[in-house]
Amino acid sequence: MTTTPEALMVRAKALKLYGLLDHWDEVAAADWVAPLITWEEDARARRGLERRLGNAHLGRFKPLADFDWQWPTQCDRAAIDDLMGLHFLTETANVVLVGPNGVGKSMIARNIAHQALLAGHTVLFTSAGQMLNELAGADGDHALRHRLTVYARPRLLVIDEVGYLSYSNRHADLLFEIVSRRYEAKSTLITTNRPFAEWGEVFPNAACVVSLVDRLVHHAEIITIHGESYRLKEAKARAEQRQNTRTATNRVSPRITKTSGEHP
């Protein structure tokens, strides 16, 4: 990193180290100035990342490096790798991951969100049910406006599991409000187990569904993943491993037999 006095002054101004700047002519050439500014930058970057991680509510997730790319019958790895590069955030584009339960949509979404956090962006991860029920249950217009702002503000909003439950017209209107506020301004990533043609079943009789989908998919990257449930695969593998362990244990355990003089 450049450590000329001019560059150091720019960095000190960015950090708002006004006390140091007031005495800049006296200390600019001192050996301790560059390390001091670097320490402060590193500390603020660390605190900022910790704060963003806490606010994002990502929860625990498996890193993308552990994803079994051979398991899905259809999964565009190149497209997902491109999403990890975060170019869609620069373009304020949306992302929609479509596929059945258990194929890794949420895992991929969390990895993209984590990458955005590491790059310095604000992120919020929520399930569709949690977000819509919270908004629908807001006590009064002021509380609702505040919660809408919370969901509209992050650079990346991840809405997980759209389509797993059915919602009322009120919920549909609230989701449309969120998507509209973020439209062409912030990126939204949605995971869903339903193709858009079936969203009318997710929001029965809601008049805004067509407009909601239209705004969501405009400037959107839509990735479809097909395959059987990976979680079910792992559960079967664990069950098989336990069975093999029990079988091996039974083979090596000595058989206990009673003699005629023994009591039960």
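Everything discussed here concerns the structure shown above.
Residues numbered from 1 in each chain as written. Predicted model: local features only at pLDDT ≥ 70, side-chain atom pairs only at ≥ 80, totals over all residues. Heavy atoms only, no water.

J.: Just checking my understanding: could you explain the packing of aromatic side chains for this structure?
T.: Each aromatic ring pair is summarised here by two numbers: the centre-to-centre distance and the angle between the ring planes. Summed over all chains, the structure comprises 4 aromatic pairs. Taken together, a centroid distance of 4.7 Å and an interplanar angle of 75 degrees make the contact between Phe67 and Trp69 edge-to-face. One exposure class covers both Phe67 and Trp69, and it is buried. Members of the aromatic cluster, connected to one another through ring pairs, are Tyr167, Phe196, Trp199 and Phe203. Stacked on the ring of Tyr183, the Lys or Arg Arg215 has its end atom at 5.6 Å from the ring centre. (Phe/Tyr/Trp six-rings, centres within 6.5 Å; stacked < 30°, edge-to-face > 60°. Buried < 20%, exposed > 50% of the residue type's maximum accessible area, 1.4 Å probe, protein only. Lys NZ or Arg CZ within 6 Å of the ring centre and 35° of its normal.)

J.: Quick question: what am I supposed to make of a negative patch on the surface here?
T.: A surface patch of like charges, here negative, comprises Asp76, Asp81, Asp82, Glu91 and Glu221. Among the structural elements, Asp82 can be located in helix α5 (residues 77-84). (Patch = residues over 30% accessible without salt bridge, like charges linked within 9 Å, V, L, I, M, F, W, Y side chains within 5 Å. Areas by Shrake-Rupley, 256 points an atom, 1.4 Å probe, with all protein chains shown as cover. Salt bridge = Lys/Arg side-chain N within 4 Å of Asp/Glu carboxyl O. Lys, Arg positive; Asp, Glu negative; His and termini not counted. Charge placed at Lys NZ, Arg CZ, Asp CG, Glu CD. Helix = DSSP H or I, 4+ residues; strand = E, 2+ residues; numbered from the N terminus.)

J.: What is the right way to look at helix α12 (residues 209-217) in this model?
T.: In an α-helix, one turn spans 3.6 residues; hence positions three or four apart end up facing the same way. Val209, Leu212, Val213 and Leu216 are the residues of α12 that are buried. Angularly, the buried residues of α12 cover 95 degrees about the axis, an arc narrow enough to put them on a single face. Those residues of α12 that are exposed and aimed more than 90 degrees away from the buried face are Val210 and Asp214. Where α12 is buried, its residues touch β1 (94-98), α10 (169-182), β4 (187-192), α11 (199-202) and β5 (220-224). (Arc of directions from axis to C-beta. Contact = heavy atoms within 4.5 Å.)

J.: What is the right way to look at the side chain of Ser229 in this model?
T.: Note that Ser229 resides in the loop between β5 and α13 (230-252). What Ser229 contacts, discounting residues up to four positions off in sequence, is Trp71, Asn101 and Gly102.

J.: How should I be thinking about the sheet that holds β1 in this particular structure?
T.: One key point about sheets: their strands pair by backbone hydrogen bonds, in either a parallel or an antiparallel sense. Sheet architecture is open: 5 strands sit in the order β2-β3-β4-β1-β5, paired in parallel fashion. What marks the edges here is a single partner per strand, and that holds for β2 (123-127) and β5. Going from strand to strand, the sheet's axes swing by 10 degrees on average, the running direction of each strand aside. Across the sheet, α5 is in contact with β1 and β5; its angle to β5 comes to roughly 140 degrees. Its contacts with the sheet place helix α8 (residues 128-136) against β2 and β3 (156-162), and it is angled at close to 90 degrees to β2. (Pairing = 2+ DSSP bridges. Axes fitted to C-alpha atoms, helices over the stretch in contact; angles between N-to-C directions.)

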